[in-house]
Amino acid sequence: PVLTVTDRDTVLYLDKYEFKAPAGWKIMRNLSEGDFEFGFLKLEKDEFPSQTTMFYDEDPYGSSRDLETRAKQYSAFFLAGRGISMEIKKIEKSEAAGRPALAVHMEGENPYRNEKAKSTVYFFKTGEYVVTLACTQWRPMNGTWDLELFNIFEGFAKSFKFLKPTFYEEMEQKIKKLKG
């Protein structure tokens, strides 16, 4: 199974990660080099495009290893394909997955498609590489945000644990061994 329930009120994802899963959300899996490794989706009963996603991404937009620079690079590309230009509203030091992180809050809209988006993204490092945990809500332009869903995301981000070294951490360990 993809998700295994533990006796700690958490789940394991492919025995690689442990976290508090959002109850009632559908799991999203990256099956072919997509935009994220895995995540969750909540379709809401309001007018389209009312939905919320949260996900873990090993390769977020951008190239900088500096968290703040990466956040700015990310905001320039995230949702651009939907015609939404995301504007950073707030950046603050925080913690995610038990590691120091940069929490970035951003919003954007595309009035031509009658949609807007609001995101909280945690940027943090595994080894020297930047990864993210993100939550995005989409609403029609006249829709209201459901901030409770961002609280659920906070529980997911704060409880997220790596059970094994990440690909990047393993690669860095191999490079160090080769260098002697």
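Structure: above.
Described below are features of the structure shown in this document.

Thresholds, definitions, all that
Residues numbered from 1 in each chain as written. Predicted model: local features only at pLDDT ≥ 70, side-chain atom pairs only at ≥ 80, totals over all residues. Heavy atoms only, no water. Helix = DSSP H or I, 4+ residues; strand = E, 2+ residues; numbered from the N terminus. Expected span 1.5 Å × (residues − 1). Buried < 20%, exposed > 50% of the residue type's maximum accessible area, 1.4 Å probe, protein only. Arc of directions from axis to C-beta. Contact = heavy atoms within 4.5 Å. Polar contact = N/O pair within 3.5 Å; in protein donor to acceptor, adjacent residues only side chain to side chain. Pairing = 2+ DSSP bridges. Phe/Tyr/Trp six-rings, centres within 6.5 Å; stacked < 30°, edge-to-face > 60°. Lys NZ or Arg CZ within 6 Å of the ring centre and 35° of its normal. Salt bridge = Lys/Arg side-chain N within 4 Å of Asp/Glu carboxyl O.

Between its first and last C-alpha, helix 3 (residues 167–179) extends 18 Å over 13 residues, near the 18 Å set by a 1.5 Å rise per residue. By the burial criterion, the buried members of helix 3 are Tyr 168, Glu 169 and Glu 172. Projected down its long axis, helix 3 shows its buried positions confined to an angular sector of 100 degrees, all on one face. Of the exposed residues in helix 3, those oriented more than 90 degrees away from the buried face are Lys 174, Lys 177 and Leu 178. The inward-facing, buried residues of helix 3 abut strand 8 (99–110), strand 9 (115–126) and strand 10 (129–140). Count one or two residues on from helix 3 and you reach Gly 180, which has phi positive near 85 degrees.

Once that is clear, we can look at helix 2 (residues 147–159). Given a rise of 1.5 Å per residue, 13 residues ought to cover 18 Å, and the 19 Å separating the end C-alpha atoms of helix 2 matches this to within 8%. Within helix 2, burial applies to Leu 149, Phe 150, Phe 153, Phe 156, Ala 157 and Ser 159. The opening residue of helix 2 is Asp 146, an N-cap whose side-chain oxygen sits 3.1 Å from the backbone nitrogen of Glu 148.

This paragraph deals with the pairing of strand 8. Here strand 7 (residues 87–96) runs beside strand 8; their pairing, made up of nine bridges, is antiparallel. Of the residues in strand 8, the one forming a bridge with Glu 92 is Ala 103. Here strand 7 hands over to strand 8 after two residues, with Ala 97 in that stretch at a positive phi of 55 degrees. Judged from the ten bridges that link them, strand 8 and strand 9 form a sheet pairing that is antiparallel. Bridge assignment links Leu 102 to a residue of strand 9, and that residue is Phe 123. Taken together, strand 8 and the strand that follows it, strand 9, pair antiparallel across an intervening segment of four residues, in which Asn 114 is found at a positive phi of about 55 degrees.

This part covers the packing of aromatic side chains. Inspection of the entire model under this criterion finds 28 aromatic pairs. Seen in terms of ring centroids, Phe 156 and Phe 160 are 5.7 Å apart; in terms of plane orientation they differ by 75 degrees. Their pairing is edge-to-face. A network of ring pairs unites the aromatic residues Tyr 13, Tyr 17, Phe 19, Phe 38, Phe 40, Tyr 56, Tyr 122, Phe 124, Phe 153, Phe 156, Phe 160 and Phe 162 as a single cluster. The positively charged end of Arg 65 is found above the aromatic ring belonging to Tyr 129, 4.5 Å away from the centroid. Positioned above the aromatic ring of Trp 145 is the side chain of Lys 116, whose terminal nitrogen or guanidinium carbon lies 4.7 Å from the ring centre.

So, about the sheet that holds strand 11 (residues 161–162). In spatial order, the strands read 1-2-3-11; together these four strands make up an open sheet with antiparallel pairing. Looking at strand neighbours, the two that pair on one side only are strand 1 (3–5) and strand 11, the edges of this open sheet. The pairing of strand 2 (residues 11–13) with strand 3 (residues 17–19) spans three bridges and is antiparallel. In the strand pairing of strand 3, Val 11 is matched with Phe 19.

The buried fraction of strand 6 (residues 51–57) is high, at six of seven residues. In terms of strand pairing, strand 5 (residues 38–43) meets strand 6 through six bridges, oriented antiparallel. When the sheet's bridge partners are listed, Phe 38 is paired in strand 6 with Tyr 56. Across seven bridges, the pairing between strand 6 and strand 10 is antiparallel.

For the rest of this paragraph, the subject is the pattern of salt bridges. Scanning the model with the defined rule gives eleven salt bridges in all. Note that Glu 92 is salt-bridged to Lys 90, the shortest N-O span being 3.7 Å. A residue is classified by how much of its surface remains accessible, and Glu 92, at 29% relative accessible area, is partly exposed. The partner of Arg 113 in a salt bridge is Glu 115, with the nearest N and O atoms 3.4 Å apart. Arg 113 sits in the partly exposed class, given a relative accessible area of 46%.

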